[in-house]
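Observations on chain architecture
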Amino acid sequence: QVQVAESGGGLVQAGGSLRLSCAASGRTFSNYGMGWFRQAPGKEREFVAAISWTGGSTSYASSVKGRFTISRDIAKSTVFLQMNSLTPEDTAVYYCAARRTQYSGTTSWPRDYASWGQGTQVTVSS
């Protein structure tokens, strides 16, 4: 399985932006669909966004649609999550996940992803 590692988290004021990165290594990155999830204190891990292995299909949680954008750079084996118009409700640990697949779509189910990063903290102050 591919290994993934997140970066780019930090502290930002409400209304600000952050870009998270997820670097993959170990396997052919182009064979993997990628997802971002987040977990706030006292809450379950939730889906944020996903992108297909081709990059041609994306999906978003309703809470972030229109504010967040997922993309991938196959040459750099990296997936990005651009987060705009952040609110305190976006505060969480953000996780990157990978799933080896030939399926051209996306999935929001955590159980479909085999590889997970350690997470990066995003804190949005009001």
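See the structure shown above.
Along every chain, residues carry numbers that run from 1 in the direction the sequence is written. At least 70 in pLDDT is required for a residue's local features to be given in this predicted model, at least 80 for side-chain atom pairs to be given and counted, and no such filter applies to totals for whole chains, interfaces and linings, which use all residues. The basis for every side-chain value is the complete set of non-hydrogen atoms in the structure, without hydrogens or water.

**Describing the packing of aromatic side chains**
Pairing of aromatic side chains requires ring centres within 6.5 Å, counting the rings of Phe and Tyr and the six-membered ring of Trp. Pairs whose planes differ by under 30 degrees are stacked, by over 60 edge-to-face, and all others tilted. With the rule as written, the count across this model stands at four aromatic pairs. By way of ring pairs, the aromatic residues Phe 37, Phe 47, Tyr 113 and Trp 116 are connected into one cluster. Note on geometry: a ring has a charge over it if NZ (lysine) or CZ (arginine) is within 6 Å of the ring centre and within 35 degrees of the ring normal. Residue placement shows Arg 45 over the ring face of Tyr 95; its charged tip is 3.9 Å from the ring centre.

**Things to note about unusual backbone geometry**
Phi is positive for Ser 77, close to 50 degrees, though the residue is something other than glycine. Looking at the secondary structure, you find Ser 77 in the loop between β7 (68-73) and β8 (78-83). At Ser 85, a position not held by glycine, the phi torsion is positive, near 50 degrees. Numbered from the N terminus, helices here are DSSP runs of H or I no shorter than four residues, and strands are runs of E no shorter than two. Within the element layout of this structure, Ser 85 appears in the loop between β8 and β9 (92-100).

**Some thoughts on the sheet that holds β7**
Pairing between two strands requires that DSSP report at least two bridges joining them. The strand order β1-β3-β8-β7 describes an open sheet built from four strands, whose pairing is antiparallel. The sheet is open, and its two borders are formed by β1 (3-7) and β7, each paired with just one other strand. Averaged over all neighbouring strand pairs, the angle between strand axes comes to 15 degrees, with direction disregarded. As paired strands, β7 and β8 are joined by six bridges and run antiparallel to one another. When the bridges of β8 are listed, Thr 69 appears paired with Gln 82. An axis is simply a line fitted to the C-alpha atoms; with a helix, the fit covers only the stretch in contact. Between two such axes, the angle follows the N-to-C directions and lies from 0 to 180 degrees.

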